[in-house]
Amino acid sequence: MSEPDPDDRPDRYAESRIYRWLDDRLDLERPFLGKAFPEDRYGSFLLGEVALFTFVALAVTGTFLGLLYEPVAAESWTYTGQASQYAGQTLPGAFASVLRITYDVRLGFYTRMVHHWAAYFFVAAIGLHMFRVFFSGVYRNPREPNWLIGSTLLLLALVEGFFGYALPYDNFSKTATSIGFEITATIPYLGQAMENLVFGGNFPANAPAVLARMYFYHVFLLPAVIAGLVGAHLAILVHQKHTEQRGGRGSSEAGPDEGDESVIVGQPLFPQQAAMSLVVFCFTAAVLSFLAAFFPVQRIALVGPASIFSTPPDVSPDWFFMWVFGALKLVPSSLGSFGRFLGGVVGPSLLIVSLYLWVFYDRSETPVHFAENPLDRPLPTAVGVAAIALIAMLSIAGMNTFVARTFGTTTAAVNPVLLVLTAVVPIAEGLIVYAMLRRRSRRRATGGAAGASD
Amino acid sequence: MTGEDREEDRGPEPGHEESDATAGTLVPRADGDGAWYRPPEVTRRNVAKLLVGISGLASIGSIAVSAVTGLGDAGLATGASQLNYQNIYVQGTYLVDVDGNRLDANSALPPGQGKETTVLPEMQGGGALKVSEAVTLLLRFSENQFQRPTNQAGTVRGYVAYSGVCTHEGCIVSGREGQNLHCPCHNTVYDPLSGASVVGGPAPRPLPQLPIGIAQSGNLLLATGPFSGPIGPQ
């Protein structure tokens, strides 16, 4: 097995003075342009890139929106635009500015919808990326730091979603923000202090102060932290290098052995992987654009501005908060205020904390550089499946209005059923997966060569 | 794979190398498994490091605590509300609609149909108190329909009034499910004929009832006392 020669640089760009100038100073080839991206049979290694590109889309569209938005909750703006039912009315500045962006600014509705769908995809891509990392077991030594940073990014993306939802100051916004405010208050001893610290006033009574603060969080503080953590995530990735899937090297070449952990085999960042990334970027942009053009949701003109007198019917959060919404709905009335604390704070926190602690439970003393087959890891795979089932069940409970409507009954009647299912289904699915995978590994151990055929 | 594949050395495995500067004397482990380790030594350098660490943490910590409590106090300064269930309505406060007009008991709602409307307390000097804690639901049924635990003395001519703020997470109970009151947020259902007790969903307490009566002059609806309990989630 031959070691690659570090000085064996491609001379493709030798004629480019710009390349040589940069390479002399930054040593482009070694750490950056030559970074190896391993072969990936499933395309799952690209999910992180999708998350990155949606973040770029969020930053670009967010800049456009930020220049036109006004974080004012007071009724300060006499609307004179094209949304005829509000013509001549004095509206909260925030609501009116979003109306204006939506109906009166060229490319405004499109940009707002790209921002909206990119936010949905940002959370979704992070989630799927984490599924890939989780099920293939590559969060273990030495990549725990990146799992922890990634979990933090997921959390921050959710919080960004919460603050962003507040900004248009329509009646959905007001409802969601006051629920977040009331959940915060349920924390024993610290509730009041947390409310003051995070929201900076009572909501909705002090909405002008609270909204300005949400704006600051949403457009400056959290994006700055997210961008910094994304940078750290990528720097660690470059330093630690990718993991590889087994069997991707092709044994006929005179390359390293299949199982050699000391090297990584893949395509260089430039130009091969860069071309692939460009395709992924264009595809992401195309999907966002398509959804923005054909599925313009969040029609704030129909919902109306924040009102203290009403809650709109069928109010529901963004999909990534549906599980928290479900937890809040499922808690039985008999548990009283403590039930609200359980459903709104304890339950979600337990899931998030276990996300962080998992890497310290399922750990490896020696460095792991190959992605594993999830079917070979009964316990982690079963736990992952159970966790997904739990989130799914809670999300269904969050939509209990529609469940009840589908079965032609009341939410009061479906709630006990959903509560039992939420407790039973994840455990049952986890146990089934665990039993099946254990059986599979026993069969392979005893069957020997016979089992190698599948 | 093609010939353009890139091979990169993963580099040496990161190890735990002993640094000479902190190395102590090797001694065998007490549990006798044959391993050797270097116990930390009490040196001038180690004591100095410890003291620098403690003082650094203390200075950062004290500034952080001051800053965080300062932020919290500043939030409180804009957030404290003087309103509570005992002073939003008092005896004799008129019920007004959202435009501030007092309500005539003959015409505010049709009798016996269970219809509802949103009302507010009248402020001193007139006008509606437009804050979310004060949002009140006024309903009108038939006089003999109410059951316990409704405060029957607090109803008048089939009118009954409850706080409009859900006791679960503070949404406005602005939906109906048949005769019952329905909160659109998390689907709590309250029975307005039984003291707004919870008949479905997660809310922990019934909606507080506002005792109402009719003014001696002018047939106007007014409160005969404060709300029966705290408003919204507690």
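Throughout what follows, the structure given in this document is the object of discussion.

Parameters at a glance
- For every chain, the first residue of the written sequence is number 1, and numbering continues from 1 along that sequence.
- As a convention, the first chain written is A and the first ligand written is 1, with the rest following in written order.
- Given that this is a predicted model, residues contribute local features only at a pLDDT of at least 70 and side-chain atom pairs are listed and counted only at 80 or more, while totals for whole chains, interfaces and linings are drawn from all residues.
- Side-chain numbers here rest on the full set of heavy atoms in the structure, without hydrogens or water.
- Put simply, DSSP marks the helices as runs of H or I at least four residues long and the strands as runs of E at least two long, and each gets a number from the N terminus on.
- Burial classes: relative accessible area under 20% of the type maximum marks a residue as buried, over 50% as exposed, and values in between as partly exposed (1.4 Å probe, protein chains only).
- Surface accessibility in these figures is a Shrake-Rupley result with a 1.4 Å probe; residues are shielded only by whichever protein chains are displayed.
- Counted as positive: Lys and Arg. Counted as negative: Asp and Glu. His and the chain ends are not counted at all.
- Where a charge lies is defined by one atom per residue type: Lys uses NZ, Arg uses CZ, Asp uses CG and Glu uses CD.
- Only heavy atoms matter for contacts: two residues are in contact if any of them lie within 4.5 Å across the pair.
- In protein, a polar contact requires one atom able to donate a hydrogen and another able to accept it; more generally it is a pair of N or O atoms within 3.5 Å, and residues adjacent in sequence count only if both atoms are side-chain atoms.
- Here, the term disulfide refers to a pair of cysteine sulfur atoms separated by no more than 2.5 Å.
- One side-chain nitrogen of Lys or Arg within 4 Å of one carboxyl oxygen of Asp or Glu is enough to make a salt bridge.
- What we call a nonpolar core is a set of buried Ala, Val, Leu, Ile, Met, Phe, Trp, Tyr and Cys residues that are connected through their side-chain atoms within 4.5 Å.
- Every axis in this analysis is a line fitted to C-alpha atoms, fitted for helices over the stretch in contact. Angles between the N-to-C directions lie between 0 and 180 degrees.
- Angular relationships are summarised with four words: roughly parallel below 35 degrees, roughly antiparallel beyond 145, roughly perpendicular across 65 to 115, and oblique for the angles in between.
- Two helices cross in a left-handed way if the nearer one is turned anticlockwise from the farther one by less than a right angle. They cross in a right-handed way if the turn is clockwise.
- Residue polarity is assigned by list, with Asp, Glu, Lys and Arg as charged and Ala, Val, Leu, Ile, Met, Phe, Trp, Tyr, Cys and Pro as nonpolar; anything else, Gly included, falls into the polar class.
- In short, buried area is how much 1.4 Å probe accessible area vanishes from two parts on joining, totalled over both.
- When DSSP finds two or more bridges between a pair of strands, those strands are recorded as paired.
- When the centres of two rings from Phe, Tyr and Trp lie within 6.5 Å, Trp using its six-membered ring, the rings pair. Their planes under 30 degrees apart give stacked, over 60 give edge-to-face, and anything left gives tilted.

**Here we look at the overall build of chain B**
Then step 1. Along its length, chain B carries one helix and 14 strands.
Then step 2. The buried share of chain B, taken over its 234 residues, is 41%.
Then step 3. Counting only carbon and sulfur atoms, one obtains 54% of the accessible surface of chain B, whose full area is about 12400 Å².

**Observations regarding the overall build of chain A**
Then step 1. Of regular secondary structure, chain A possesses 16 helices and six strands.
Then step 2. The C-alpha extent of chain A, read off along each of the three principal axes, is 75 × 60 × 40 Å.
Then step 3. Burial status across chain A gives 47% buried among its 454 residues.
Then step 4. Entry remark: accessible area of chain A is about 21900 Å², with carbon and sulfur atoms responsible for 68%.
Then step 5. Measuring between centres, the 31 positive side-chain charges of chain A sit 6 Å from its 35 negative side-chain charges.

**Observations regarding the environment of Glu169(B)**
Then step 1. Among the secondary structure elements, Glu169(B) is positioned in the loop between β7 (159-163) and β8 (175-177).
Then step 2. Residue Glu169(B) is classed as buried on the basis of its relative accessible area of 1%.
Then step 3. Once the C-alpha coordinates of Glu169(B) and Pro202(B) are considered, the two residues, 33 residues apart in sequence, prove to be 9.6 Å apart.
Then step 4. Residues contacting Glu169(B), with those up to four places away along its chain left out, are Ser178(A), Ile179(A), Glu182(A), Ile183(A), Leu328(A), Arg340(A), His186(B) and Pro233(B).
Then step 5. There is a polar contact of 3.0 Å between the side chain of Glu169(B) and the side chain of Arg340(A).

**Describing the state of the cysteines**
All names here are of chain B.
Then step 1. Tallying each qualifying case throughout the model produces one disulfide over all chains.
Then step 2. The partner cysteine of Cys 171 in its disulfide is Cys 185, sulfur to sulfur 2.1 Å. On the sign convention where negative means left-handed, the S-S torsion of about -90° between Cys 171 and Cys 185 marks this disulfide as left-handed. Of the two residues, Cys 171 is situated in the loop between β7 and β8 and Cys 185 in the loop between β9 (180-182) and β10 (189-191); the sequence distance between them amounts to 14 residues. The burial state of Cys 171 is the same as that of Cys 185; both residues are buried.
Then step 3. Cys 183 provides the cysteine sulfur closest to Cys 166, a residue in no disulfide bond, and the two sulfurs are 3.9 Å apart.
Then step 4. Accessibility expressed as a relative area gives 2% for Cys 183, which makes it buried.

**As for the pattern of salt bridges**
Residue and element names in this part refer to chain B.
Then step 1. Taken as a whole, this structure holds eight salt bridges over all chains when the rule is applied.
Then step 2. The residue Glu 116 makes a salt bridge to Arg 176 at a minimum N-O spacing of 2.8 Å. Of this pair, Glu 116 sits in strand β5 (residues 115-121) while Arg 176 sits in strand β8, placing them 60 residues apart in sequence.
Then step 3. According to the relative accessible area criterion, Arg 176 is partly exposed, its value standing at 27%.

**Things to note about unusual backbone geometry**
Then step 1. Residue Pro142(A) is bonded to the preceding Asn141(A) through a cis peptide linkage, with omega at 5°.
Then step 2. Inspection of the secondary structure puts Pro142(A) in the loop between α5 (108-135) and α6 (144-166).
Then step 3. Along the chain, Arg148(B) connects to Pro149(B) via a cis peptide bond; the corresponding omega equals 0°.
Then step 4. Within the secondary structure layout, Pro149(B) lies in the loop between β6 (136-140) and β7.

**A word on the nonpolar core**
Residue and element names in this part refer to chain A.
Then step 1. Counting 84 residues, the largest nonpolar core has Tyr 69, Tyr 86, Leu 99 and Tyr 169 as its most contacted members.
Then step 2. Here this core gets 13 residues from one element, more than from any other, and that element is α5.
Then step 3. Leave out the neighbours within four places in its chain, and Tyr 69 touches Ala 94, Ser 97, Val 98, Ile 101, Leu 167, Leu 211 and Tyr 215.

**With respect to the packing of α5(A) against helix α10 (residues 269-294) of chain A**
All names here are of chain A.
Then step 1. Orientation of α5 relative to α10, taken along the N-to-C sense of each, is 125°, at an axis distance of 8 Å. The pairing of α5 with α10 is recorded here as oblique in orientation. Crossing hand, α5 versus α10: right-handed. Two secondary-structure elements touch here, α5 through Tyr 110, Met 113, Val 114, Trp 117, Ala 118 and Phe 121 and α10 through Val 287, Leu 288, Ser 289, Leu 291 and Ala 292.
Then step 2. Tallied by class, the residues present in the contact of α5 with α10 amount to 10 nonpolar, one polar and no charged.

**Comments concerning the interface of chain B and chain A**
How large an interface is tends to be reported as the accessible area lost when its parts come together.
Then step 1. On the chain A side, the residues contacting the 47 residues of chain B number 68 residues.
Then step 2. Together chain B and chain A conceal approximately 4600 Å² of surface at their shared face, both sides included; 51% is due to carbon and sulfur atoms.
Then step 3. Summed over the shared surface of chain B and chain A, the result is one salt bridge.
Then step 4. Glu169(B) is the salt-bridge partner of Arg340(A), the closest N and O atoms lying 3.0 Å from each other.
Then step 5. Put simply, chain B and chain A have nine residue pairs in polar contact (both at pLDDT 80 or more) between them.
Then step 6. Put simply, the parts of the chain that give the side of chain B that touches chain A at least two residues each are β1 (6-9), α1 (44-79), β5 and β11 (197-200) of chain B.
Then step 7. A total of seven residues in the side of chain B that touches chain A trace back to one element, the largest contributor, which is α1(B).

**A look at the pairing of β7(B)**
Residues and elements named next belong to chain B.
Then step 1. Taking burial as the measure, the five residues of β7 include five buried ones, the bulk of the element.
Then step 2. The alternating pattern of β7 places Tyr 159, Ala 161 and Ser 163 and Val 160 and Tyr 162 on opposite faces, both of which are buried.
Then step 3. As paired elements, β6 and β7 share five bridges and run antiparallel to each other. Its bridge partner lying in β7, Leu 139 is registered against Val 160.

**Some details on the packing of helix α8 (residues 191-199) of chain A against helix α9 (residues 207-240) of chain A**
All names here are of chain A.
Then step 1. Following both chains from N to C, one finds α8 and α9 inclined at 70°, their axes separated by 9 Å at the closest point. With respect to their mutual orientation, α8 and α9 come out roughly perpendicular. Together, Asn 196, Leu 197, Val 198 and Phe 199 of α8 and Val 210, Arg 213, Met 214 and Tyr 217 of α9 make up the contact between the two elements.
Then step 2. Classifying every residue of the contact of α8 with α9 by side-chain character gives six nonpolar, one polar and one charged.

**Looking at the packing of aromatic side chains**
All names here are of chain A.
Then step 1. For the coordinates displayed, the defined rule picks out 27 aromatic pairs over all chains.
Then step 2. Plain terms: the ring middles of Phe 53 and Phe 281 are 5.1 Å apart, the flat faces sit at 90° to each other, and that makes the pair edge-to-face. Placement of the pair is Phe 53 in helix α3 (residues 47-68) and Phe 281 in helix α10, with a sequence separation of 228 residues.
Then step 3. A residue is classified by how much of its surface remains accessible, and Phe 53, at 14% relative accessible area, is buried.
Then step 4. Residue classification places Phe 281 among the partly exposed residues on the basis of a relative accessible area of 34%.

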